[in-house]
Every structure is written in structure tokens, then in C-alpha cells.
Amino acid sequence: MTSNIGNGNDPSQAGHSGHDHAEHPGMAHDEEAGYYAVRARAMESLLVEKGICSPNEIQTMVDRIEARSPADGAKVVARAWSDPAYKSRLLNDPDGALADLGYRMPENSPKLDVVENTESIHYLVVCTLCSCYPRNLLGRPPDWYKSLAYRSRAVVDPRGVMREFGFQVPDSTEVRVLDSTADLRYLVLPRRPDGTEGMSEEQLAELITRDSMIGVSEARSPQTATAS
Ligand code: FE
């Protein structure tokens with residue numbers, strides 16, 4: 001298998017490389033709905049028809065997820081880096097700690113576990129079955145997270161996958177791969193980079209990337225952050 005998953009942290013490769021929106025004026029709205037869109041609409045109609053949930057409830061859930069982004073996770077991690085008592089609460093009682101910052105997890109939402117990356121253990125999160133992800137905090141997962149390449153290779157060769165994201169885990173660090181499920185999601189607390197003493201929570205949050213909260217890379221160093 002030759003598929004590369006990571007973008008190697010190269011900003012020039014992020015997003016729409018080799019893809020020009022001018023090629024298709026009017027964007028994609030008039031395109032015929034694809035297989036998954038048709039299937040999602042059919043499931044939605046069935047759920048409503050059978051009285052399991054209302055269109056309003058579905059829209060509320062979509063809005064809630066759309067309103068979240070990695071910036072929300074970054075705020076939480078920055079607080080944990082700055083406040084040891086908060087960090088310990090986050091690790092032991094994630095829901096309570098998140099509520100402290102205004103992130104109340106919806107009722108019946110999957111349990112969220114927070115794991116801390118250290119010099120000796122590095123956690124990497126995957127959903128081998130589909131795309132389970134802490135959407136209530138981080139929003140929608142990146143496309144590569146849902147790819148078969150990532151889902152299979154993260155388990156077989158996690159160090160190789162992380163190298164593709166530009167992150168070389170030292171041999172002395174144990175790598176643990178966590179498989180998310182419908183009932184259990186993970187947030188990775190990345191290591192606080194060196195040279196960040198005295199930085200404010202807002203400044204620290206700038207260093208915390210989505211990928212570092214999945215564990216495929218580490219947080220940015222202050223040097224990298226100012227260079228970009
Ligand atoms: Fe899943």
C-alpha cells in the first residue's frame with residue numbers, strides 16, 4: 001500500500017492542493033447527491049417517520065457539531081497545561097472538567113476519555129471500524145481519519161503513520177493505539193512544548209493542533225508557530 005495519509009505538516013500541501021475551484025464555477029451544489037448523501041437522507045426520513053426523533057432534533061445535533069472545532073479542544077488543553085488541578089480533573093472527570101469551561105456534553109453522548117501523552121507513553125487515536133471521534137468537542141473529523149488507509153495502518157504501523165505527519169516518536173517512547181467506539185471517544189492531551197513557560201492560555205492554544213489532539217503529531221513549538 002502506498003497511500004500517504006499525513007500532509008507532513010507542509011502548509012503548501014494542506015487543503016486543496018492541485019485542485020482549482022475555478023474549474024467548476026458554481027461549486028458542487030447542483031451535483032447529484034452521492035450514495036452516502038442519499039442513504040443519510042433515507043435514514044433521516046425513516047427516523048422521523050418512525051417517531052424516533054424530529055427534524056428539529058436532527059438539525060439541533062448537526063448545528064451543535066458544526067459549531068465545534070479544534071479551537072474548542074485547544075482551549076481545554078491550554079487550560080490543562082496551565083493549571084495542574086484542572087488537568088487532573090480533566091483526566092479523572094472529563095465531563096465535569098469540560099462543563100467548567102462551558103462545554104456541556106449532551107445527554108446520551110458517548111463517554112469521553114482524556115489521555116495524556118508523556119515522554120514515556122504516546123497515545124494515538126483511531127476508529128478502526130468507521131469514524132468515531134469526539135465531535136461534541138472537536139467538530140467533524142478530518143477526511144483522512146475516515147480513510148481505510150488510516151484506519152488500517154494506524155494499528156499496524158502507528159510510528160510509520162506519524163512519520164507521514166512529520167512526527168518521529170522516539171524509540172524509547174511506548175506507542176499505544178486507542179480504538180474509538182460508538183460508546184467511547186478519546187481526546188489526547190498533547191505534551192506541552194519546551195520554551196512555553198510564561199505563555200498565556202490564549203498563546204498556548206495557538207500551538208495546539210487538531211492532529212495533536214488525535215495523537216498523530218505533537219503540539220507546535222513556539223518557533224514553528226511564529227514561523228508560519
Ligand atoms: Fe466509528
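So, a few notes on the structure that sits alongside this text. Given the structure is predicted, the values throughout are model-derived calculations rather than measurements. (Residues numbered from 1 in each chain as written. Predicted model: local features only at pLDDT ≥ 70, side-chain atom pairs only at ≥ 80, totals over all residues. Heavy atoms only, no water.)

### Thoughts on a nonpolar patch on the surface
Heads up, the condition is: To count toward a patch, a residue needs a relative accessible area over 30% and no salt bridge; like charges are then connected within 9 Å, while nonpolar side chains (Val, Leu, Ile, Met, Phe, Trp, Tyr) are connected within 5 Å. Note on areas: these come from Shrake-Rupley sampling with a 1.4 Å probe, and a residue is covered only by the protein chains present in the view. Definition used for salt bridges: Asp or Glu carboxyl oxygen within 4 Å of a side-chain nitrogen of Lys or Arg. Strands here are runs of E lasting at least two residues and helices are runs of H or I lasting at least four, both read from the DSSP assignment and numbered beginning at the N terminus. Buried residues are those whose accessible area, probed at 1.4 Å on protein chains only, stays under 20% of the maximum for their type, while exposed residues exceed 50% and partly exposed ones sit between those limits.
A surface patch of nonpolar side chains, amounting to about 230 Å² of accessible area, comprises L47, V48 and I52. Relative to the helices and strands, L47 resides in helix α1 (residues 35-49). Look at L47 and you get partly exposed, because its relative accessible area is 32%.

### Describing the coordination of the iron ion
In plain terms, the rule: Coordination partners: N, O, S within 2.8 Å of the metal, 3.2 Å for Na, K and Ca; water not considered, so apparent gaps in a site are possible.
Looking at the metal site, the iron ion is ligated by C127 (SG), C130 (SG), S131 (N), C132 (N) and C132 (SG), spaced 2.1 to 2.8 Å from it. With a relative accessible area of 34%, C130 lands in the partly exposed category.

### A short note on the packing of aromatic side chains
What counts here: When two rings of Phe, Tyr or Trp (its six-membered ring) have centres within 6.5 Å they constitute a pair, described as stacked for plane angles under 30 degrees, edge-to-face for angles over 60, and tilted for the intermediate range. For a lysine, the NZ atom is tested; for an arginine, the CZ atom; a charge sits over a ring if that atom is within 6 Å of the ring centre and within 35 degrees of the ring normal.
In this structure the tally under the stated criterion is 6 aromatic pairs. Judged by centre distance (5.0 Å) and plane angle (80 degrees), the rings of Y35 and Y36 are edge-to-face. The burial state of Y35 is the same as that of Y36; both residues are exposed. Ring pairs connect the aromatic residues Y133, W144, Y145, Y150 and F165, which therefore count as one cluster. Here the basic side chain of R79 rests over the ring of Y86, its NZ or CZ set 5.8 Å away from the ring centre.

### Topic: the pairing of strand β2 (residues 121-126)
Going by this rule: Only strands that DSSP links by at least two bridges are regarded as paired with each other.
Where burial is concerned, most of β2 is hidden: 6 out of the 6 residues are buried. Of the two faces of β2, both are covered, the one formed by I121, Y123 and V125 as well as the one formed by H122, L124 and V126. With 6 bridges joining them, β2 and strand β3 (residues 174-179) adopt parallel strand pairing. Counted as the bridge partner of L124 is V177 from β3.

### Considering unusual backbone geometry
The phi torsion at N108 lies on the positive side, around 65 degrees, for a residue other than glycine. In this fold, N108 is placed in the loop between α5 (94-100) and β1 (111-116). For N108, a relative accessible area of 78% puts it in the exposed group.

### Focus on the environment of P170
Relative to the elements of secondary structure, P170 occurs in the loop between α9 (158-164) and β3. A residue is classified by how much of its surface remains accessible, and P170, at 42% relative accessible area, is partly exposed.

### Observations regarding α1
For the record, the criterion: What a helix should span is 1.5 Å times the count of its residues minus one.
Helix length check: α1, at 15 residues, gives a terminal C-alpha distance of 21 Å against a target of 21 Å (1.5 Å per residue), a fit within 8%. Backbone geometry just after α1 places G51 at a positive phi near 75 degrees.

### As for the side chain of S131
Heads up, the rule is: Should any heavy atoms of two residues lie within 4.5 Å, those residues are counted as being in contact.
Counting through the fold element by element, S131 comes out in the loop between β2 and α6 (135-138). When its relative accessible area of 16% is taken as the criterion, S131 is described as buried. Once residues within four sequence positions are removed from consideration, S131 is found in contact with P141, Y145 and K146.

### Points about helix α3 (residues 70-82)
With 13 residues, α3 should reach 18 Å at 1.5 Å per residue; the first-to-last C-alpha distance of 18 Å fits that figure. Along α3, the residues that are buried comprise D72, G73, A74, V76, V77, A78, A80 and W81.

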